[in-house]
Amino acid sequence: MTKSDKTDADGSVSDRPMIEIKGMHKWYGEFHVLKDINLSVAKGERIVVCGPSGSGKSTMIRCINRLEEHQKGKIIVDGIELNDDLKRIDRIRREVGMVFQHFNLFPHLTVLENCCLAPIWVRKMPRRKAEAIGMEYLERVKIPEQAKKYPGQLSGGQQQRVAIARSLCMSPSIMLFDEPTSALDPEMIKEVLETMIELAESGMTMIVVTHEMGFAKTVANRVIFMDEGQIIEENDPESFFSAPEHDRTKLFLSQIM
Amino acid sequence: MINNDSLPDLPPPRTSVGFIGWLRNNLFPSPLNTLLTLLALYIIYLVVVPTVSWVFLNSDWVGESRDACTSGGACWVFISARFNLFMYGFYPESEYWRVNLVFAILALLLVLLHIKQLPRRGWLGAFALIGYPIIAFYLFSGGIFGLEKVETSRWGGLSLTLVLSGVGIVASLPIGVILALGRNSQMPIVKAVSIVFIEFWRGVPLITVLFMSSVMLPLFLPEGTSFDKLLRAMIGIVLFESAYMAEVVRGGLAAIPRGQYEAAKALGLSYWKSMSLIILPQALKLVIPGIVNTFIALFKDTTLVLIIGLFDLLTTVEAGFKDSHWLGYALEGYVFAALVYWIFCFSMSRYSQNLERKLHTGHAR
Ligand SMILES: Nc1ncnc2c1ncn2[C@@H]1O[C@H](COP(=O)(O)OP(=O)(O)OP(=O)(O)O)[C@@H](O)[C@H]1O
Ligand SMILES: [Mg+2]
């Protein structure tokens, strides 16, 4: 494993792993979708995951907050090992924010209500305080003026930024992104990527599934390439893009670049 | 030749717009259509003229007994003379105010609950769902605070219809929601119980349910336990309708994209919180037409309680024209009953359309 020389905002990549995945396997019925996944993510590290469609990228990051269950191996998030214990799952979900390809905003609630919901009902925060925090993050993603609108009235890029703000309102220590820009028109991709770059600069631990190689080059500490349920290659972005080791990586890179 | 000046806007030809244009396009576009239009007009004429004459022109409106009905058209005197029977059944006349009060409070609550700016609307809603039914029950049945006791067998008419359908509507929706969630549950026992319950009640006709509840249930109960007939009918209706409601709600749940469940989970919301805050508000909104449809069906189904000897609106109307003083006025009775049912059902339907518009948040599916 290559340690990157990139550092986060306060100038250090801490050694304590935020996420540790050891020998993890997952099956969908008979189908062996993830095979022997090993991954350790330090605090403040930014990891980009790429690979062909169906290679198991989504499944892997969805195992981290237990949207999918793994059958073998260990996943330890911020010192808590994931198992069937609902309390642990809840604790981990509070620590881990997730942004989806199709935003998944709640269409019956306003933008601000989308942001406040979890702080109020999960963190038991008073409504006033939750709203203040909601507005703060909406300002950070640069759409405070849309707070009273419904998600259906916003553009795709705006919706995705609301989704990021909604996750941040829970003050997570880890953010997972599953192809956050692939449902967006080109002109909106930029605004979402800028939001994510700012988040990275603030020192957030991030795992991002994306095919935006420009983003990977500027932001990632490490790039992971997956194929057929396995991690095939793992390297710092410079080496990954300039000198891929495996043939499958080369083929994949030649197809998307 | 190319014309470089922009052409002025001209009015369309007279024959294609306005009333004349509409007539030409829709009623008389071809000889065959003209023939059909004339035929349809003739049929409407055949139906409408005698109806209007029977209902309005040749009808009798004032009087005390059938002697007042001399014009040969509808005898609305029958309705006005027996109006109290149709509204209150055999409820003692001196106690009518109690029934009136119950419905007056209900109307007041409904109005207040629709005022957005009202402070503490949540508490008022809770009162409407919990406190009000208790008050309504004691006002109806009496027996406390010196109110005369009125047995449920004396309740009747429109007020009984409203009590039955009100209880049915208020109870079947939450039970239906629970059953729908149960049917979608990951827990095998909960799922199985819900499926068996829903399929059992959907599989038997309501008339059988009512009949069994009044004839069979007492056979299973220990001797001497009396179990109010109205209460049994209510339970039968509620169980029956909640099975239907469950399937309507399940349709709504199925239409919610998986991403909504996942987003709720990812934010750390528990099962009940994600259901009550995220999934159900959307699912119920989607199936408002189906829910109201079930409510309307329920409202009309309450007429079936006549087979177990309860006197709802329709039964009191029938009792009215079977009375020897009023023999022969069945048509007036049925028209009146139909009108009352129609007014309530149509109001529900309009209200649901209103609600749908109000709850629309610009999210195109
Ligand atoms: N619920 C499921 N049941 C069965 N198979 C599934 C399920 N979800 C995903 N799969 C399969 O698992 C494999 C990995 O899916 P996954 O969504 O993780 O791929 P991915 O790398 O994210 O692909 P994409 O780039 O298309 O999003 C695919 O072959 C997919 O068909
Ligand atoms: Mg995917």
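In this convention, every chain numbers its residues from 1, walking through the sequence in written order. Going through the entries in the order they are written, you letter the chains from A and number the ligands from 1. Two thresholds apply to this predicted model, a pLDDT of at least 70 for residue-level local features and 80 or more for giving and counting side-chain atom pairs, whereas whole-chain, interface and lining totals are computed over all residues. As a convention, hydrogens and water are excluded, and side-chain values are obtained from all of the structure's heavy atoms.

Asker: An account of the environment of Phe100(A) is needed here, citing residue identities and associated values.
Answerer: Assignment of secondary structure puts Phe100(A) in the loop between strand E6 (96–99) and helix H3 (111–121). Using a relative accessible area of 5% as the deciding quantity, one classes Phe100(A) as buried. Separated by 28 residues in the primary sequence, Phe100(A) and Arg128(A) have C-alpha atoms spaced 28 Å apart. Two residues form a contact once any of their heavy atoms are found within 4.5 Å. With residues near it in sequence (within four places) discarded, Phe100(A) still touches Arg62(A), Leu67(A), Gln160(A), Asp178(A), Pro180(A), Glu262(B), Ala263(B) and Ala266(B). Strands are runs of DSSP state E lasting at least 2 residues, helices are runs of H or I lasting at least 4, and numbering of each runs from the N terminus. In this scheme, a residue with accessible area under 20% of its type's maximum is buried, one over 50% is exposed, and one in between is partly exposed, where area comes from a 1.4 Å probe on protein chains only.

Asker: I'd like a description of the pairing of strand E1 (residues 17–28) of chain A, backed by residues and values.
Answerer: Residue and element names in this part refer to chain A. Sheet analysis places E1 next to strand E2 (residues 31–42), joined by eight bridges and oriented antiparallel. Note on E2: the bridge partner recorded for Pro17 is Ala42. With five bridges connecting them, E1 and strand E4 (residues 72–77) associate as antiparallel partners. For Lys22, the partnering residue across the bridge sits in E4 and is Lys74. A strand pair is defined by DSSP finding two or more bridges across the two strands.

Asker: Go over the packing of helix H7 (residues 157–183) of chain B against helix H15 (residues 330–359) of chain B with me, naming the residues and quoting the values.
Answerer: Residues and elements named next belong to chain B. Every angle, taken between N-to-C directions, lies between 0 and 180 degrees, and every axis is a line fitted to C-alpha atoms, over only the stretch in contact when it is a helix. Relative to each other, H7 and H15 sit at 30 degrees, their axes nearing to 12 Å. As summarised for this structure, H7 and H15 are arranged roughly parallel, according to the angle between their axes. In this structure, H7 crosses over H15, and the sense of that crossing is right-handed. Here H7 contributes Leu158, Thr161, Leu162 and Ile169 to the contact with H15, which in turn contributes Val340, Tyr341, Phe344 and Met348. Its residues assigned to classes, the contact of H7 with H15 comprises seven nonpolar, one polar and no charged. Here the angle decides the label: under 35 degrees means roughly parallel, over 145 means roughly antiparallel, 65 to 115 means roughly perpendicular, and every other value means oblique. What makes a crossing left-handed is the near helix being turned counterclockwise from the far one by less than a right angle; a clockwise turn instead makes it right-handed. Following the grouping adopted for this structure description, the nonpolar residues are Ala, Val, Leu, Ile, Met, Phe, Trp, Tyr, Cys and Pro, the charged ones are Asp, Glu, Lys and Arg, and the polar ones are all others, Gly among them.

Asker: An account of the sheet that holds strand E8 (residues 205–209) of chain A is requested, with residue identities and associated values reported.
Answerer: Residue and element names in this part refer to chain A. Pairing in this open sheet of six strands is mixed, and the strands run E6-E7-E8-E3-E9-E10 from one edge to the other. The sheet is open, and its two borders are formed by E6 and strand E10 (230–235), each paired with just one other strand. Across this sheet, the average inter-strand angle for adjacent strands is 20 degrees, counted without regard to direction. Where strand E7 (residues 174–178) and E8 come together, five bridges link them in parallel fashion. For Asp178, the partnering residue across the bridge sits in E8 and is Val209. Relative to the sheet, helix H6 (residues 186–201) contacts strand E3 (46–50), E7 and E8, its axis offset from that of E8 by approximately 150 degrees.

Asker: Now, about helix H12 (residues 271–286) of chain B: what can you tell me, with residues and values included?
Answerer: A residue's bend is the angle separating two fitted axes: one through the seven residues that end there, the other through the seven that start there. The axis of H12(B) is deflected most strongly, by about 45 degrees, at Ile279(B), and proline Pro281(B) appears within four residues downstream. For H12(B), the set of buried residues is Ser274(B), Met275(B), Leu277(B), Ile278(B), Ile279(B), Leu280(B), Gln282(B) and Ala283(B). The elements touched by buried residues of H12(B) are H3 of chain A together with H7, helix H10 (229–254) and helix H11 (258–266) of chain B.

Asker: Any chance you could break down the side chain of Thr210(A) for me, citing the residues and the numbers?
Answerer: Residues and elements named next belong to chain A. Considering the arrangement of structural elements, one finds Thr210 in the loop between E8 and helix H7 (213–219). We classify Thr210 as buried; its relative accessible area is 3%. Two N or O atoms count as a polar contact when they lie within 3.5 Å, although within protein this holds only if one can serve as hydrogen donor and the other as acceptor, and sequence-adjacent residues are included solely when both atoms are side-chain atoms. At 3.0 Å, the side chain of Thr210 and the backbone nitrogen of Glu212 are in polar contact. Excluding residues that lie within four positions of it along the chain, Thr210 makes contacts with Val48, Val49, Cys50, Thr181 and Phe215.

Asker: Can you explain the environment of Thr249(A)? Please cite residues and give values.
Answerer: Residues and elements named next belong to chain A. If you trace the backbone, Thr249 turns up in helix H9 (residues 247–256). In this structure the C-alpha to C-alpha distance between Thr249 and Met135, which are 114 residues apart in sequence, comes to 42 Å. If we skip the residues at most four places from it in the chain, Thr249 touches Phe225, Ile232, Glu233, Phe240 and Pro244. Engagement of the side chain of Thr249 in a polar contact is seen with the side chain of Glu233, the distance being 2.7 Å.

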